[in-house]
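A closer look at the structure
Single-letter residue listing:
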Amino acid sequence: MNQWQRVHPASPFVHGWLAIVGLLWVYWQNTDELSWADRFSGSRLTWTVAIGSAALLLVLIFYALSWYFTRYKISETHVYVNSGMIFRSQKQARIDKVQGIDIAQPLVARLLGLAELRFDVADGSASVMRLSFLRKAHAHQLRTEILALAQGEVAAPSEDVEQPPAAEPVPLMAKVPAGRLLASLLLRVPTIIGLLGALSVGIVSITGNGAFVAGLLPILLGFGGWFYKELNNSWNFSASATDTGLRISHGLADTKQQSLPAGRVQSIQVSSPAFWRLLGWYRVEVNALGVGDEEFSNLLVLPVGDFNAVTQVMGILLPDLGAENQREVLLTAITTGTTHGFINSPVRAKTLSPGAWKHQAFLATQNCVITRFGWLSRSAAFVPHNRIQGMGWQQGPWERRHDLAGVRLYSAGGTIIGYLHQLDASVASEFFAVQAKRQVER
């Protein structure tokens, strides 16, 4: 394997198929005044085919050169990827720093049977290198070999040895059925608003009020983008246990297999939108270093699941809450109650949060801080003590008048925060002092 190799010849097409579609679009736009028959007949078609063929030939030549200058090599210590025809790019990743390798398949790559390797390294940054594109079986084989080298188990086998794709990790921790996923999306507030907006557009279109329809269209387009993103990220979702954490597989048009080492998890959020609570459904997201596609985005580890699925996922990501009766503590954290040591907002917080004050609570265990807030929609955050990057004291004028205060706990890798909301000011002050001392002694 310690030799330079080229990626699959169809790799440039996966990246550049839009260029070919663009050529067809330009022709279509420039023949808009012609009938369907005239577009594909006469001298105009002859010139169009000639010019289009020349342009397509240039695109194919560019693709071929791009493929020719893209090479990779795997040694016992590094993975190298060189690319670029005019502006050269040379990237490398130390194998002993590789924490995980994700396998992604955009739609066109899936149709061609190709896959992309995305490397996550131990410096806590986002994926620093991608190897695009290889045959799917070969991508699985390389992933297995590189991870084995990273663990110091075996040397890289010869490139001529054909190995089957790596088996799915077991045991399966959670799987989201298509019916439950679609039902959960329909019970989200953005979906309800979007459907009402579509219904309004339909009614207004019949009445002929075009100005009102034009005003609603941006809202509908925004809803459509949100709905597709949620559906694409959650379709065929499964989470499996590995030796180091979770393996996540998901995707509708673009599929992805993603590794989440438990050591990368900075904080966890379990939320339950208003209508989900009636069915006992929950959503789990995490702040994780160097795993998400975007620097400040939360990583979804369970789109929708029942309490048993939550306990299994939490058992991998945060196996020790630092409290006895962990299952009961977890249930109290994501629902409501003051059992197992949870400290609620005092009665005087009812004036500021008439519906939510009974559910706002926190619990500081030996290993983490658990916070809970929300009324119609509930949200619980789990932040390990050694992952807290900073704290913020919150006390507005109305809270000061009622002798209330709050504390925010910040961690890296996403937007999830632990929020101790509208507590007795003395309780918040004591927690802040104890936690600050713990941070200094860490």
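Residues numbered from 1 in each chain as written. Predicted model: local features only at pLDDT ≥ 70, side-chain atom pairs only at ≥ 80, totals over all residues. Heavy atoms only, no water.

The name recorded for the protein in an unreviewed UniProt entry is PH domain-containing protein, from Glutamicibacter bergerei.

So, the overall build of the protein
Rules: Here a helix means four or more residues in a row that DSSP labels H or I, a strand means two or more in a row labelled E, and each is numbered from the N terminus. When accessible area is computed with a 1.4 Å probe and restricted to protein chains, residues below 20% of their type maximum are described as buried, those above 50% as exposed, and intermediate ones as partly exposed. Contacts between residues were defined by any pair of non-hydrogen atoms, one from each residue, lying within 4.5 Å. Using the Shrake-Rupley algorithm and a 1.4 Å probe, accessible areas are obtained, with residue cover drawn only from the displayed protein chains.
Counting its regular elements, the protein contains 13 helices and 21 strands. Buried positions account for 44% of the 442 residues belonging to the protein. A separation threshold of at least 6 residues defines the contact pool for the protein, and within that pool the share at least 24 residues apart is 54%. A total of about 22,400 Å² of accessible surface is found on the protein, and carbon and sulfur atoms cover 61% of it.

Points about the sheet that holds strand β3 (residues 78-83)
Heads up, the rule is: A pair of strands is considered paired only if DSSP assigns at least 2 bridges between the two. For helices, the fitted axis covers only the stretch in contact; all axes are lines through C-alpha atoms, and the angles between them, taken along N-to-C directions, range from 0 to 180 degrees.
On the basis of which strands lie adjacent, the open sheet formed by four strands has the order β1-β2-β3-β4 and antiparallel pairing. In this open sheet, the two edge strands, each paired with only one partner strand, are β1 (5-6) and β4 (89-94). Where β3 lies against β4, six bridges are found, and the strand directions are antiparallel. Paired with V79 across the bridge in β4 is A93. Along the sheet face, helix α5 (residues 136-150) touches β2 (71-74) and β3 and points at about 40° away from the line of β2.

Details of helix α11 (residues 326-334)
Within α11 the residues assigned to the buried category are V329, L330, T332, A333 and I334. Turning to α11, the residues buried within the fold contact β12 (265-272), β13 (282-288), α10 (307-317), β16 (361-364), β17 (368-373) and β18 (378-384).

As for the nonpolar core
We apply this condition: Residues grouped as a nonpolar core are buried Ala, Val, Leu, Ile, Met, Phe, Trp, Tyr and Cys residues, joined through side-chain atoms within 4.5 Å.
Grouped together as the largest cluster of nonpolar side chains are 44 residues, with contacts concentrated most on L260, I268, V286, V301, M314, L317 and F382. Examining the composition of this core, we find that six residues originate from one element, α10, more than from any other. The residues touching V286, leaving out its near neighbours within four places in the chain, are L260, V265, S267, I268, N298, L299, V301, L317 and I416.

As for α5
The condition that has to hold: Helix span, expected: 1.5 Å multiplied by one less than the number of residues in the helix.
Relative to the 21 Å expected for 15 residues at 1.5 Å per residue, α5 spans 21 Å between its end C-alpha atoms, a close match to the ideal helical length. Within α5, eleven of the 15 residues are buried, which leaves it mostly tucked inside the rest of the structure. Considered for burial, the residues of α5 that qualify are H138, A139, H140, Q141, L142, R143, E145, I146, L147, A148 and L149.

Digging into the packing of aromatic side chains
Note the cut-off: Only centres within 6.5 Å qualify two rings of Phe, Tyr or Trp (six-membered ring in Trp) as a pair; their planes then separate them into stacked at under 30 degrees, edge-to-face at over 60, and tilted for everything else.
The tally for this structure, following the rule as stated, stands at eight aromatic pairs. Between F373 and Y419 the ring centres are 5.5 Å apart and the planes differ by 70°, which places this aromatic pair in the edge-to-face class. Placement of F373 in strand β17 and of Y419 in strand β21 (residues 417-424) is noted, with a sequence separation of 46 residues between them. Since its relative accessible area comes to 12%, Y419 is described here as buried. Centre to centre, the rings of W393 and F432 are 5.9 Å apart; their planes meet at 85°, and the pair counts as edge-to-face.

Let's talk about the confidence of the model for the protein
The condition is simple: Every residue is assigned a pLDDT by the predictor, reflecting its confidence on a scale from 0 to 100.
Predicted confidence across the protein gives a mean pLDDT of 84, with 84% of residues reaching 70 or more. Counting interchain partners and residues more than four positions distant, the pLDDT-below-50 stretch residues 155-169 has 24 contacts.

Comments concerning the environment of D320
How we decide: Think of a polar contact as two N or O atoms within 3.5 Å of one another; within protein, one of them needs to be a possible hydrogen donor and the other a possible acceptor, and neighboring residues in sequence only count if both atoms come from side chains.
Locating D320 in the fold gives a position in the loop between α10 and α11. Residues D320 and Q366, spaced 46 residues apart in sequence, show a C-alpha to C-alpha distance of 9.5 Å. When near neighbours in sequence (up to four residues on either side) are disregarded, D320 contacts Q326 and N367. A polar contact of 2.9 Å, which involves the side chain of D320, links it to the backbone nitrogen of G322.

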